[in-house]
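Letter by letter, the chains look like this.
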Amino acid sequence: MASHSGSELRVLEVDPMLQSHAEHLRYRYQQYQNTRGSIERHAGSLLNFARGAKDYGIHTTDELTVYREWAPAAQAAQLIGDFNGWKPLDMSLGDNGVWFIELPHGPGGAPAIPHGALVKVRLRLPGGEWVDRIPAWIKWAVVPQGEMGAKYVGVHWAPTEAHAWVHPRPPRPATLRIYEAHVGMSSEERAVASYTYFKDSVLPHIHASGYNAIQLMAIQEHAYYGSFGYHVTNPFAASSRSGTPEELKALIDAAHGLGIVVLLDVVHSHISSNCEDGLAGFDFGQGPDENYFLQGDRGYHKEWDSRLFNYAGYETLRYLLSNLHYWIQDMGFDGFRFDGVTSMLYHHHGIGIGFTGNYSEYFSPSTNIDALVYLMLANDMVHELLPSAITIAEDVSGAPTLCRPVGEGGVGFDYRLAMGEPDFWVRTVKQVADEDWSMTAMASALCDRRYSEATVGYVESHDQALVGDQTLASS
């Protein structure tokens, strides 16, 4: 990591218009340095800090099965599951609000919680009420078959025959050609398509068409299918509607074999409000030091009806950074398209704001410094873990410095999405006769970007094709 003092940020040289906001940028960079320094003092390194998925959740050692869950506001905790007939097992409270239980292996060394077991954690709220929740770090969740209106339940995923990776990661493409895809919607059949179907039937077409990258939507588990995957309930779990984590790995492995990198459309800008089967269920109204989420209006997105993260929280940072680490290290993804970045950048979330490009819109008391620090740490960690990783920011505001290196005082993304281009193309195709297409308008749309930041320009995306419009082919 390149390090600069706040007074000599190179980003101020790259864009002279930033000079009038130099103090803001120095403060932001100092907050990043302070946060990273605190993490390194306590965890040894940023990468160590982001390995939370190796410690939290359910894990099996040579002699024990161990379950750990951060829930400092809970007055008591119990592990329940079908592995013992749903008999509650009391957990102990350790350091830093972490509840844990250690279960010895059974006869012949069989794990106390076998692969595929259904599990939940039962928590006692400050008022005495008991509630059942899906473990926050669960790797798979399913809807029990045959139960009308059933909620998701966690599944302990630890197969004895895990996917054996065959193909190495492809090199990072010099020029990205991205195919955006939703696995579940990829079939012409009236059914949710599977990871295996996509691997066998869709991947070959993507490869034959000359794409070198796939961006997969709706992979993180989401209880409401109609959200297109953007109301995530279980951030570490691969969506069970399309298959198992091993089948998703096989898809990614096959893409790598074709020389295609695979990007996850990751949602860290908000999370589903579902409590019974989602991470939001760990919010009991406790304060920010004991909560993944903010409270009141600051913790609720009124346009999306969803919860907002407490990006200043130490354990929230561990959870989100570990989530990125897991999807790259364990699941084989090659990078991320970060959804809803505009909502993260500002306390107003961009709601009702018409950004004009005036720099005072980007650097003001409305700027969410905590979220920006998280994004700087996220980009740092991802690129330290996998130097060839690709990170893309979905931002409609045009915020400066988003795609400049963190060491310069930027936020660290590799690319930003040119959000206006798909709108331009679908509007042109539908509303303008071919002979009336304006070269000036096309040049203006394609060149509307920051010269110092790399940009991804989609011809069309799900925002146009699915959300109230049509694909270009249909148009």
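For clarity, every value in this text was computed on a predicted model and none was experimentally measured.

About the thresholds
Residues numbered from 1 in each chain as written. Predicted model: local features only at pLDDT ≥ 70, side-chain atom pairs only at ≥ 80, totals over all residues. Heavy atoms only, no water. Helix = DSSP H or I, 4+ residues; strand = E, 2+ residues; numbered from the N terminus. Rg over C-alpha atoms; globule rule 2.2 N^0.38 Å. Buried < 20%, exposed > 50% of the residue type's maximum accessible area, 1.4 Å probe, protein only. Contact = heavy atoms within 4.5 Å. Areas by Shrake-Rupley, 256 points an atom, 1.4 Å probe, with all protein chains shown as cover. Expected span 1.5 Å × (residues − 1). Pairing = 2+ DSSP bridges. 1 Å grid on protein atoms, 1.4 Å probe; cavity = no way out; pocket = protein on both sides within 12 Å on 5 of 7 lines; lining within 4 Å. Points joined across faces, edges and corners; volume = space filled by probe spheres on them. Nonpolar A, V, L, I, M, F, W, Y, C, P; charged D, E, K, R; others polar. Axes fitted to C-alpha atoms, helices over the stretch in contact; angles between N-to-C directions.

Student: Can you help me understand the overall build of the protein chain in this one?
Tutor: On a plain count of helices and strands, the protein chain comes out with 11 helices and 22 strands. Relative to the compact-globule value of 23 Å for 475 residues, the protein chain shows a C-alpha radius of gyration of 23 Å, a close match. Within the protein chain, the fraction of its 475 residues that count as buried is 55%. Taking the intrachain contacts of the protein chain between residues at least 6 apart in sequence as the baseline, contacts between residues at least 24 apart amount to 71%. Approximately 20300 Å² of the protein chain is accessible, and the part contributed by carbon and sulfur atoms is 50%.

Student: Honestly, helix H8 (residues 369-385) in this entry has me stumped. Any pointers?
Tutor: Every α-helical turn comprises 3.6 residues, leaving residues that sit three or four positions apart pointing alike. With 17 residues, H8 extends 24 Å between its outermost C-alpha atoms, agreeing within 8% with the 24 Å of an ideal straight helix rising 1.5 Å per residue. Within H8, 15 of the 17 residues are buried, which leaves it mostly tucked inside the rest of the structure.

Student: Just checking my understanding: could you explain the pairing of strand E8 (residues 130-133) for this structure?
Tutor: For a regular strand, side chains alternate in direction, first toward one face of the sheet and then toward the other. Residues Val131 and Arg133 of E8 are buried on one face, while the alternating residues Trp130 and Asp132, pointing to the opposite face, are not. Here strand E7 (residues 118-124) runs beside E8; their pairing, made up of 4 bridges, is antiparallel. Of the residues in E8, the one forming a bridge with Arg122 is Asp132. Between E7 and E8, which pair antiparallel one after the other, the connecting turn spans 5 residues, and Gly128 there sits at a positive phi close to 105 degrees.

Student: For this particular structure, what's the right way to read helix H9 (residues 420-431)?
Tutor: Given a rise of 1.5 Å per residue, 12 residues ought to cover 16 Å, and the 16 Å separating the end C-alpha atoms of H9 matches this to within 8%. When H9 is considered as a whole, its buried residues turn out to be Glu421, Pro422, Phe424, Trp425, Val426 and Thr428.

Student: Which parts of the structure should I look at to understand empty space enclosed by the protein?
Tutor: Rolled over the atoms, a probe with the dimensions of a water molecule shows which regions are left empty. Applying the stated rule across the entire model yields 8 cavities of 30 Å³ or more. Volume-wise, the largest cavity comes out at about 70 Å³. Arg28, Leu345, Tyr346, Tyr362, Phe363, Thr367, Leu372, Ala399, Pro400, Thr401, Leu402 and Val411 together form the lining of the largest cavity. Residue composition of the lining of the largest cavity, grouped by class: 9 nonpolar, 2 polar and 1 charged. Within this model, the second largest cavity holds a volume of roughly 60 Å³. Taken together, His182, Val183, Gly184, Tyr195, Met217, Ala218, Ile219, His222, Tyr225, Ser239, Arg241 and Ser242 make up the full set of residues lining the second largest cavity. Its residues assigned to classes, the lining of the second largest cavity shows 6 nonpolar, 5 polar and 1 charged.

Student: Please clarify how the sheet that holds strand E20 (residues 390-393) should be interpreted in this entry.
Tutor: Adjacent strands of a sheet form backbone hydrogen bonds with each other and so pair up, either parallel or antiparallel. Reading across the sheet, the 7 strands line up as E11-E12-E15-E19-E20-E21-E22 and stay open at both edges, with parallel pairing between neighbours. The outermost strands of the open sheet, each flanked by one partner alone, are strand E11 (178-182) and strand E22 (455-456). Relative to strand E12 (residues 213-217), E11 is paired through 5 bridges, and the arrangement is parallel. Within the sheet, the bridge partner assigned to Tyr179 lies in E12 and is Ile214. Lying over the sheet, helix H6 (residues 314-329) contacts strand E15 (261-266) and strand E19 (335-338), oriented at roughly 135 degrees with respect to E19. Its contacts with the sheet place H8 against E19 and E20, and it is angled at close to 160 degrees to E19.

Everything listed here is a matter of coordinates, which is why it stays silent on function.
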